[in-house]
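Fold and contact review
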Number of protein chains: 2
Amino acid sequence: MDGGVIMTTESRVPSRSTPPSGPTASGRRPSQERAQATRAAVLLAAASVFAERGYARTTLDVVALEAGVTKGALYFHFASKHDLANAVIAEQTRVMREGADEILAGDASAIETLILLVAAYTERMVREVVVAAGVKLITEEIVAALDIVEPYEEWDSIYTGLLERAIVEGDLRPDIDCAALSHYIIGAYTGVQQVSNSLTQRADLPQRVAEMWRFLLPGVVPTERLEAVLALPALAR
Amino acid sequence: MDGGVIMTTESRVPSRSTPPSGPTASGRRPSQERAQATRAAVLLAAASVFAERGYARTTLDVVALEAGVTKGALYFHFASKHDLANAVIAEQTRVMREGADEILAGDASAIETLILLVAAYTERMVREVVVAAGVKLITEEIVAALDIVEPYEEWDSIYTGLLERAIVEGDLRPDIDCAALSHYIIGAYTGVQQVSNSLTQRADLPQRVAEMWRFLLPGVVPTERLEAVLALPALAR
């Protein structure tokens, strides 16, 4: 679905042939490792500035300053703020998918897999600035202007599939509308992390997510399975 | 708590004594009614522009254009974008509180009152651009820069009180942590409306809120009361 985002940004670097200016303008081409390190530093700095200021108030000058590179070095990798925002979102997508793939390949029950996915998302959102930046860019509703086809669609489809499996496994009441519940979990989680961010810069997010499950699960898990589900190690993390 | 917001913005108008420029600079002071109509038009235009563009990308030129007034007329009422944003938030607070006071003065059970409050909030968010604008400004995390002490605190305290009363009335399980549930409802609702806004410009919000209650209530309402609570007219709106 948004593989296009990754291709767009990653295919951009090799297509540039103009030499960089600034500290690398001495005539010598930077080694590939050095170029990659610079690109990574710029991306990290951009994530940090986007996460703090949002899209509109971010300038390439501030990003270059934060990254400790010249604007010429920045322009070698990213043509514009728009480019940089897309690269941040591509990197967020990559980081999140990497964590998710590992969990989805495991042999946990569907309901535990769902809880582990949300826990992994939470952990990365607290720890990795690129994830916090991606979330900030997406919630700023500038989605249409960036290369994001549909920010929630992929998760919605993964969650719906897990919930359908959870019914088969007996961990979810069979009358539950899985698409509606998936949509609700995404909405509820989005808000829980946002309020946590506004009030505590996400310091209380793990606790708030635990509370979310504590209030949500008793309404959708069959009574006879509730105790076992609430005792899942994934909820104790 | 945020009565200060209202006082700040409302006390600013009479303190100005410089005559307006632009169409009212003909030497004649505009009548008070006319001044109020201009202020209301500017506020509505500002709400519309803030809701669409957010704080950073809003300019006073665009607001004046949208309101059909000169910048001089705008400056007669609002000294800066910061002032205008605070006035929009004060107006949102007023609109929301007006609706809430009426519901809180009614004689519905606590759980029904809570559901009615959320329904009224939803209705106003869909219908009144000043509410949508206030929500947008608050979720942009520029809270600290504006005169908002604590965007969720007042609702959190009202909701917690209602939930405590709902336990006494038998509509909520006595083991529920009311402060945690209130916090969760605010977070879940914040996200549900935000995802609805991103995906459908809030067209599906009433349906999503109905789903939120349908998933949330069975987890917190005692089994023997669940059918009656889910049948509340407030949920059928």
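Residues numbered from 1 in each chain as written. Chains lettered and ligands numbered in written order. Predicted model: local features only at pLDDT ≥ 70, side-chain atom pairs only at ≥ 80, totals over all residues. Heavy atoms only, no water.

Looking only at helices and strands, chain A has 13 helices and zero strands in total. Starting at the N terminus and walking to the C terminus, you meet the elements of chain A as α-α-α-α-α-α-α-α-α-α-α-α-α. Across the 237 residues of chain A, 55% fall into the buried class. Once local pairs closer than 6 in sequence are excluded, the contacts in chain A between residues at least 24 apart make up 70%. (Helix = DSSP H or I, 4+ residues; strand = E, 2+ residues; numbered from the N terminus. Buried < 20%, exposed > 50% of the residue type's maximum accessible area, 1.4 Å probe, protein only. Contact = heavy atoms within 4.5 Å.)

It is worth spelling out the interface of chain B and chain A at this point. The interface of chain B with chain A comprises 34 residues on the first partner and 34 residues on the second. Overall, the association of chain B and chain A removes approximately 3,200 Å² of surface from exposure, summing both partners, and the carbon and sulfur fraction of that is 62%. Along the contact surface separating chain B from chain A lie zero salt bridges. The tally of links from chain B across to chain A stands at four residue pairs in polar contact (both at pLDDT 80 or more). Considering each element in turn, the side of chain B that touches chain A owes the most residues, 15 residues, to helix H10 (residues 178-200) of chain B. Classifying every residue of the side of chain B that touches chain A gives 17 nonpolar, nine polar and eight charged. (Buried area = accessible area lost by both parts, 1.4 Å probe. Salt bridge = Lys/Arg side-chain N within 4 Å of Asp/Glu carboxyl O. Polar contact = N/O pair within 3.5 Å; in protein donor to acceptor, adjacent residues only side chain to side chain. Nonpolar A, V, L, I, M, F, W, Y, C, P; charged D, E, K, R; others polar.)

As enumerated under the stated definition, the model contains 22 salt bridges over all chains in all. One salt bridge connects B:Arg208 with B:Glu211, and the closest N-O pair in it is separated by 3.1 Å. A residue pair is termed a helical-turn pair when its members lie 3 or 4 positions apart in one helix, as B:Arg208 and B:Glu211 do in helix H11 (residues 205-220) at three residues. Considered together, B:Arg208 and B:Glu211 belong to a single accessibility category, that of buried residues. Several salt bridges share partner residues, and in doing so they unite A:Glu91, A:Arg94 and A:Glu98 into one network.

The two copies are related by a screw motion: chain B maps onto chain A through a turn of 180° and a shift of 0.0 Å along the axis, at an RMSD of 0.0 Å. Here the copies are linked by what is in effect a two-fold axis. The share of interface residues of chain B whose copies in chain A are also at the interface is 100%, consistent with both copies meeting through the same surface. (Least-squares fit on C-alpha atoms with pLDDT ≥ 70 in both.)

With that out of the way, let us pick up unusual backbone geometry. Generally, phi is negative for residues other than glycine and the peptide bonds are trans, each holding for most cases. With a phi angle near 50°, A:Gln201 is a residue other than glycine that sits in the positive phi range. Assignment of secondary structure puts A:Gln201 in the loop between helix H10 (178-200) and helix H11 (205-216). Within the chain, B:Arg202 stands out as a residue other than glycine whose phi angle is a positive 70°. As for its placement among the helices and strands, B:Arg202 is situated in the loop between H10 and H11. What makes B:Arg202 buried here is its relative accessible area of 9%.

Let's shift gears to the packing of helix H3 (residues 32-53) of chain A against helix H4 (residues 60-67) of chain A. Residues and elements named next belong to chain A. Following both chains from N to C, one finds H3 and H4 inclined at 125°, their axes separated by 8 Å at the closest point. Between H3 and H4, the crossing angle belongs to the class labelled oblique. Crossing of H3 against H4: the hand is right-handed. Between H3 and H4, the residues in contact are Ala41, Val42, Ala45, Ala46, Ser48, Val49 and Arg53 and Val62, Val63, Glu66 and Ala67, respectively. Split by residue class, the contact of H3 with H4 holds eight nonpolar, one polar and two charged. (Axes fitted to C-alpha atoms, helices over the stretch in contact; angles between N-to-C directions. Parallel < 35°, antiparallel > 145°, perpendicular 65-115°, else oblique. Left-handed = near helix turned anticlockwise from the far one by under 90°.)

Next up on the list: the UniProt feature "DNA-binding region" (unreviewed entry) in chain A. Using the residue numbers shown here, the UniProt feature "DNA-binding region" (unreviewed entry) corresponds to residues 59-78 of chain A. Secondary structure over residues 59-78 of chain A splits into 75% helix and 0% strand, and the C-alpha atoms at its two ends are 13 Å apart. (UniProt positions renumbered as here; feature names shortened; annotations may be inferred.)

One finds A:Leu181, A:Tyr184, A:Trp213, B:Leu181, B:Tyr184 and B:Trp213 to be the most contacted residues of the largest nonpolar core, which totals 149 residues. Contacts of A:Leu181, omitting those with residues within four sequence positions, involve A:Leu163, A:Leu172, A:Ile176, A:Leu216, A:Val220 and B:Phe215. (Core = buried A, V, L, I, M, F, W, Y, C linked by side-chain atoms within 4.5 Å.)

Geometrically, a pair of aromatic rings is defined through the distance of the ring centres and the angle of the planes. Applying the stated criterion across every chain, the model contains 10 aromatic pairs over all chains. Relative to A:Tyr189, the ring of A:Tyr121 has its centre 5.7 Å away and its plane inclined at 85°; by these criteria the two rings are edge-to-face. Remark: A:Tyr189 occurs in helix H10 and A:Tyr121 occurs in helix H7 (residues 110-127); sequence separation between them is 68 residues. Assessed through its relative accessible area of 8%, A:Tyr189 is described here as buried. Aromatic ring contacts, followed pair by pair, group A:Tyr121, A:Trp155, A:Tyr159 and A:Tyr189 into a single cluster. If you follow A:Arg214 out to its NZ or CZ, it ends over the ring of A:Phe215, 5.6 Å from the centre. Cation over ring: B:Lys81 sits above B:Tyr55, and NZ or CZ is 4.6 Å from the ring centre. (Phe/Tyr/Trp six-rings, centres within 6.5 Å; stacked < 30°, edge-to-face > 60°. Lys NZ or Arg CZ within 6 Å of the ring centre and 35° of its normal.)

Residues and elements named next belong to chain A. H7 packs onto helix H6 (residues 81-104) with a crossing angle of 150° between their chain directions and a minimal axis gap of 10 Å. Here H7 runs roughly antiparallel to H6, going by the angle between their axes. The crossing of H6 and H7 is right-handed. Where H6 approaches H7, its residues Gln92, Val95, Met96, Gly99, Ala100, Ile103 and Leu104 are matched on the opposing element by Thr113, Leu116, Leu117, Ala120, Tyr121 and Arg124. In terms of residue class, the contact of H6 with H7 is made up of nine nonpolar, three polar and one charged.

So, about the environment of A:Ala46. All names here are of chain A. Of note, Ala46 is situated in helix H3. With a relative accessible area of 0%, Ala46 lands in the buried category. Here the alpha-carbon distance between Ala46 and Leu60, two residues 14 residues apart in the chain, equals 8.3 Å. Look past the residues within four positions of Ala46 in its chain and what remains in contact with it is Val63, Leu84 and Val88.

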